[in-house]
Every structure is written in C-alpha cells, then in structure tokens.
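An overview of the molecular structure
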Amino acid sequence: MVVRKPVAEAEAEAEAAAAPADRPGAEPEPPRASAPDGPLGWTGYDDSRARAADRTGEEESVVVGAASIGGSRAVLIAFEFGFLGGSLGERTGDRLEAAYEHARAHRLPLVSLIATGGSRMQEGMLALAQLQRVARQSVLTRAAGLPQIAVLRDPTTGGGWATLGAGADVVLALPGAQVGFAGSRVRPADADPAAYTAEAQYAAGHVDAVVPPAELPGVLADWLRVLAAPRSAEPVEPPAALSDVPPPAGGWDAVRQARRPDRPHAAAYLDAYFALRLPLSGYRAGGADPGMLCGIGLHAGRAVAYAAQCGTATRPAGYRTAARVIRLADRLGIPVLTLVDTPGAANDAAAEREGAGAAIADTFAAVAEVSVPVTTLLIGEGGSGGALALAAPGNTWVTPDAYFSVIAPELAAAILKRPAAQAPATADQLRIRPQDLVALGVARGVVSPRPRP
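To start, this report covers the structure provided alongside it. Here the structure is a predicted model, which is why all the values come from computation and not from measurement.

1. Side note on the overall build of the chain
- When helices and strands are counted, the chain shows 17 helices and 15 strands.
- Counting only C-alpha atoms, the chain reaches 85 × 50 × 35 Å along its principal axes.
- By the burial criterion, 54% of the 453 residues in the chain qualify as buried.
- Carbon and sulfur atoms make up 56% of the accessible area of the chain, which totals about 18,700 Å².

In structure tokens, the structure reads:
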C-alpha cells in the first residue's frame, strides 16, 4: 500500500474531508524502474515529470493512503491535476492497484477524488492499458462486497471518468466540474459545452448528487457512516401509517382516499422513517425519474436501502433506478424497503420507446433474485403491474388510505364495455380495499399510525 505525505497537503477537497490514518512504519512503495524518457523513449518525458514534481511536490498524479473521514476509515485515492493533468501512466496504475488491494485486505470502502484528463500520451498504449487494471480491481472490490465512492472534480474526463468515476457505486460531483468521456480539446467543435458538466450528467442519471465543496466533507462522512452501519438479516419493519383514517367502506371509497391531494406521499414517509437518508439517482444509461426516490439511509441505527414511488406514473428510468439500487443493496448485504404508490406505469409513446416493458421486467427480476430481505408498504395507489413490480412477495403491507388493483377501476369498466358510471361498482367487484388485500393474501396486514407519545 502506498502511503505518502498527508493527503490534506495534496488535495484541497481532501483537506476538509479526510485525515490520513495512523499507520506507523508504513513506507512508500518504490517506483517501478523505467527506461530513460519512459517506455516509449518520449523525448523530454523525464524532464516533464521532474518539472511536475517540483511544481506539485508529488512524484505521481495520484496520492493514495488510508484515511479517516468523519470518524470512518477508508482507502483514499486523490488525483493531483497539476502533475501532467492528473493523467494515468504505469506508475499511476501501480498506485491505484495497491489502493484497491489494500481496501480488500482490510475490508475498507474506497473513496476516489478524481481530477484527470485521461491516459498519459507519453506512455502510449501502456498508459491506456492501465484502464484495464483499474477495471479489474474495481470488479474484484465489487465482488468482495465493498463500496466504492467517486467524487468528480474539475475536470473528470477520459478513462478516469470511464473507470474510477462512472464505475463507482456512489457518484458525487462538484458544481460546474467538467465531466465527460471527451475532453474539451477532442470533442466535436459544435458540441454543447453544457452537456459536459456535472449538472448535465446528474440530469442524465449518471451522477447521484452535485455537492458544493463546503458540504462535501459532511456528505462523504454520512455516506461512510451509512455504509458501515449494521445490517439486519431479517426484513425491516414497515413504516407506520401517516394518515389516521378508518378503513374504506367500499372499493370506490378506497380509490377516493388514495387519490386525496393531501394524502401523505413517499417523501413524508421516508422522512418519518429514516434518521438519515442519502439519495441515489439514475441508472447510468441516460435517464432519471423524479417520481422514484431511491437511496440508502439509517433506520434505528441500521442501514436500509429504499426505492419509493411518489404517486406519479413511473417512467422506465424510475424502474431501472430502483432495480439498480435493489441490486446494489443485495451486493452490500443491506435490506430493502419499497414504497408503492403509482396509478400505473407510464404508457405514453416516449415510455414505450424507452423500453417500459423491459424496465418493469427488470424490476420484477431484481426483487425476485435478491438474497436480502425486502419489505413493501403500499401507501397510495397500486395500479397494476407498474405497482406490483416493486412489491415484495409475502411481505407487502398496506396503509388504510391505499388500494391495489389489477387495473384502475375506470379502465376495468372500459375494458368490460361498461359505462363510465359503473366504475364505482366495478371497484367494489375488484376487491381492492386494504382489508380485501389482507383477506386475499396479497398483503400481510394494514399498518396503523404510530401511537402518540
């Protein structure tokens, strides 16, 4: 493991976020021997490295070491952009590999503070091949069940973005940072520069949060605290109901209660349930759905992942984000809570082009295949398969102001060629009330409000 001078002396962001761990006797690994001017004999390369070392006080473009961030231990990778643009070469790859190996050997999460222009041209294909080394180490660390967090600084481009950055489990970015596979000098001349920013990558679902520098230390500390928290091997308890309403008398009463504008929605339930919750946004393939809230939080001192519908028609991106988070929770051994509340999956032409069916199928599969326990609470409308995709078989609960139906009563009446006025009677026939769902075995029980102190 490479341990150099305190990271705070090399990275402004790390100064606020991390302090090197006390590892007496640790010495830097000796750099690999290389021919004059590097493996390609690139004239002036040695001089360029010497000038970079004099200017930055560093011997390479990354500094790695063990660190304490907000009281939680982690392995830290910090890029020095002033050293040849934070580029990756063979010696950089040596340090990155050592950092990953140390993380696995000591069962520590890995945090990367990235600022890089990509691979080092003076080392040619040998520099580019370091991306394969990083990818392999990332895969091994993922298989070991250890989380990886990336912080995208300005700039994060090329292979650094395509491996350490985009390949992390949690991706944070600093405001205004240039983020993209193509750097500013190689992208098309007519390219919109706004597309290559942290904010654009967040909007496209590639970044989980854009975090101001002053807030970064606390956010990193929170993530490490949540990821280090104990996990329950049993299903978590469902949230208490936030509405104190009587059971609906009929099916249409259940529909009307679930559609009340003032009914509590997902954000209120999550805020009441979690002492701390941290968002995960998007599914890394070009989309995000504000109607699906996902992330990991702390409930009763334990880590719990969540995926919650917000009462809107869920977009394909929402289902794919939920599936991403459920699978991440499974890999990290974190139980899952899902909140179901949607009139149904989005069914417009855009949703079909985005693969609504495939996205819903993938969510069904994610819930079905995980080994961690999943708990579901139906908190409002449960519209058809778009709602059922998030529901845990055998461990779904329901609030008094919710309903679950094979299809919305109005649509059921239309399919049955009944007049619209028959929708309430159809709702009664469908047996969609909370008490009906329990009697049918669809739900385990109706949750009550938490007793007042």
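Here the narrative resumes, following the displayed structure.
2. With respect to the environment of Leu242
- Mapped onto the elements of the fold, Leu242 is located in the loop between helix H8 (216-228) and helix H9 (251-258).
- For the pair Leu242 and His265, spaced 23 residues apart in sequence, the C-alpha to C-alpha distance is 9.1 Å.
- The contacts of Leu242, once residues within four sequence positions are left out, are Pro264, Ala268, Tyr269 and Ala272.

3. With respect to the nonpolar core
- Counting 56 residues, the largest nonpolar core has Val111, Ile149, Leu172, Leu220, Trp223 and Ile296 as the members making the most contacts within it.
- For Trp223, the residues in contact, after removing those within four places along its chain, are Ile149, Val170, Leu172, Leu278, Pro279, Leu280 and Ile296.
- Formed by 27 residues, the second largest nonpolar core is a distinct cluster that contains Leu96, Leu152, Trp161 and Ala177.

4. Some remarks on the packing of aromatic side chains
- Applying the stated rule across the entire model yields 2 aromatic pairs.
- A ring pair is formed by Phe274 and Tyr306, whose centres lie 5.2 Å apart and whose planes are at 45°; its orientation type is tilted. With Phe274 in the loop between helix H10 (266-273) and strand S9 (276-279) and Tyr306 in strand S11 (residues 302-309), the pair connects residues that are 32 residues apart, well separated along the chain. Accessibility classification places Phe274 together with Tyr306 in one group, the buried group.
- Over the ring of Tyr45 we find Arg49; its NZ or CZ atom is 4.1 Å from the centre of that ring.

5. Some thoughts on the side chain of Thr396
- Locating Thr396 in the fold gives a position in strand S14 (residues 396-398).
- Using a relative accessible area of 5% as the deciding quantity, one classes Thr396 as buried.
- A distance of 2.8 Å separates a polar side-chain atom of Thr396 from the backbone oxygen of Ala392.
- Contacts of Thr396, omitting those with residues within four sequence positions, involve Thr376, Ala391, Val442, Ala443, Arg444 and Gly445.

6. Description of the pattern of salt bridges
- Counted under the stated rule, the structure contains 20 salt bridges.
- In this structure, the salt-bridge partner of Arg259 is Glu410, at a minimum N-O distance of 2.6 Å. One end of the pair, Arg259, is in the loop between H9 and H10; the other, Glu410, is in helix H15 (residues 409-415), and 151 residues separate them in sequence.
- The class for Arg259 is partly exposed, based on a relative accessible area of 33%.
- Through salt bridges with shared partners, a single network forms among Glu60, Arg120 and Glu123.

7. Quick notes on the layout of surface pockets
- Of the voids in this model, the largest pocket is the one considered here, and its volume is about 780 Å³.
- In this structure, the largest pocket is lined by 24 residues; those nearest its centre are Gly117, Gly118, Ser119, Met121 and Thr157.
- Elements that contribute at least two residues to the lining of the largest pocket include exactly helix H4 (124-128), strand S5 (148-157) and helix H6 (158-165).
- Grouping the amino acids of the lining of the largest pocket by side-chain chemistry returns 9 nonpolar, 13 polar and 2 charged.

8. So, the environment of Ala413
- Among the secondary structure elements, Ala413 is positioned in helix H15.
- Along the backbone, Ala413 and Thr426 are 13 residues apart, and their C-alpha atoms lie at a distance of 6.4 Å.

9. Examining the state of the cysteines
- Under the criterion given, the structure shown has 0 disulfides.
- Considering cysteine sulfurs only, Cys294 is the nearest to Cys310, which forms no disulfide, with 8.9 Å between them.

10. Regarding unusual backbone geometry
- A cis geometry characterises the amide bond from Asp154 onward to Pro155, with omega recorded as -5°.
- Examined against the element boundaries, Pro155 turns out to sit in strand S5.
- A positive phi angle is found at Ala300, which is not glycine, with a value near 55°.
- Looking at the element boundaries, Ala300 is found in the loop between strand S10 (292-299) and S11.
- The exposure class of Ala300 is exposed, given its relative accessible area of 69%.
- Phi at Ser384 takes a positive value of approximately 60°, unusual for a residue other than glycine.
- Mapped onto the secondary structure, Ser384 falls in helix H14 (residues 384-388).

Calculation rules
- Residues numbered from 1 in each chain as written.
- Predicted model: local features only at pLDDT ≥ 70, side-chain atom pairs only at ≥ 80, totals over all residues.
- Heavy atoms only, no water.
- Helix = DSSP H or I, 4+ residues; strand = E, 2+ residues; numbered from the N terminus.
- Buried < 20%, exposed > 50% of the residue type's maximum accessible area, 1.4 Å probe, protein only.
- Areas by Shrake-Rupley, 256 points an atom, 1.4 Å probe, with all protein chains shown as cover.
- Contact = heavy atoms within 4.5 Å.
- Core = buried A, V, L, I, M, F, W, Y, C linked by side-chain atoms within 4.5 Å.
- Phe/Tyr/Trp six-rings, centres within 6.5 Å; stacked < 30°, edge-to-face > 60°.
- Lys NZ or Arg CZ within 6 Å of the ring centre and 35° of its normal.
- Polar contact = N/O pair within 3.5 Å; in protein donor to acceptor, adjacent residues only side chain to side chain.
- Salt bridge = Lys/Arg side-chain N within 4 Å of Asp/Glu carboxyl O.
- 1 Å grid on protein atoms, 1.4 Å probe; cavity = no way out; pocket = protein on both sides within 12 Å on 5 of 7 lines; lining within 4 Å.
- Points joined across faces, edges and corners; volume = space filled by probe spheres on them.
- Nonpolar A, V, L, I, M, F, W, Y, C, P; charged D, E, K, R; others polar.
- Disulfide = S-S within 2.5 Å.

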